[in-house]
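Here are the chains, one letter per residue:
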Amino acid sequence: MNALIKASAIAGFLALAACGGQGDDALADNVAEAADNRADVIDQQAESMPTQAGEEAMHDQADAVRDAGEAKADAIDKADVNAAAMTEAQKNAIVNSN
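Numbers given for residues are sequential positions, taken from 1 along each chain in its written order. Local features in this predicted model are restricted to residues whose pLDDT is 70 or higher, and side-chain atom pairs enter the listing and the counts only when it is 80 or higher, whereas totals over whole chains, interfaces and linings include all residues. To obtain the side-chain values, all non-hydrogen atoms of the structure were used and water was disregarded.

What about the packing of helix α2 (residues 24–46) against helix α4 (residues 88–96)?
Put simply, the rule is: Every axis in this analysis is a line fitted to C-alpha atoms, fitted for helices over the stretch in contact. Angles between the N-to-C directions lie between 0 and 180 degrees. Numbering goes from the N terminus for both helices and strands, where a helix is a DSSP run of H or I of at least four residues and a strand is a run of E of at least two. Just so you know how the angles are binned, under 35 degrees is roughly parallel, over 145 roughly antiparallel, 65 to 115 roughly perpendicular, and the rest oblique. Should the near helix be turned counterclockwise from the far one by less than a right angle, the crossing is left-handed, whereas a clockwise turn marks it as right-handed. Residue contacts are defined here by distance: any two heavy atoms, one from each residue, within 4.5 Å place the two residues in contact. Gly falls in the polar group here, along with every residue not listed as nonpolar (Ala, Val, Leu, Ile, Met, Phe, Trp, Tyr, Cys, Pro) or charged (Asp, Glu, Lys, Arg).
Interhelical geometry of α2 versus α4 gives an angle of 40° and a closest axis separation of 8 Å. Taken together, the axis directions place α2 and α4 in an arrangement best described as oblique. The handedness of the crossing between α2 and α4 comes out as right-handed. On α4, the residues that touch Leu 27, Asn 30, Val 31, Ala 34 and Arg 38 of α2 are Lys 91, Ile 94, Val 95 and Asn 96. By residue class, the composition of the contact of α2 with α4 is five nonpolar, two polar and two charged.

Quick look at the structure:
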């Protein structure tokens, strides 16, 4: 299900593609940074896990969040999204989606 949501999001980014891609670098950076921040929280929570296996699983989850954020940022750049034409609400929805 999670992969389906990510694939749908990437398809949505591709549908939003426009010439020029004004602002897509900043939007992509914001997406990657937001994912990194979420992953940092997960890494911090991992330190309080009672077992080594649980801690490793949480760190793996954090890595997956970072990887997904980077993939999403790459999709935004490749789609050449015209972020300048988007509302702040639309940008925030993209940045804050998982």
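Considerations on a negative patch on the surface
Worth spelling out the cut-off: Without a salt bridge and with relative accessible area above 30%, a residue can belong to a patch; like charges are then joined within 9 Å and nonpolar side chains (Val, Leu, Ile, Met, Phe, Trp, Tyr) within 5 Å. Where accessible areas are quoted, they stem from the Shrake-Rupley method and a 1.4 Å probe; at the residue level, only the protein chains shown are allowed to cover. Every case where a carboxyl oxygen of Asp or Glu lies within 4 Å of a side-chain nitrogen of Lys or Arg is listed as a salt bridge. Counted as positive: Lys and Arg. Counted as negative: Asp and Glu. His and the chain ends are not counted at all. Here the site of a charge means NZ on Lys, CZ on Arg, CG on Asp, or CD on Glu. Burial status follows relative accessibility: with a 1.4 Å probe on protein chains alone, a residue under 20% of its type maximum counts as buried, one over 50% as exposed, and anything between as partly exposed.
Side chains of Asp 25, Asp 29, Glu 33, Asp 67, Glu 70, Asp 74 and Asp 77 sit close together on the surface and give a patch of like negative charge. At four residues, the largest contribution of residues to the negative patch is made by helix α3 (residues 52–79). Assignment of secondary structure puts Asp 74 in helix α3. Relative accessible area serves as the criterion here: at 39%, Asp 74 is assigned to the partly exposed category.

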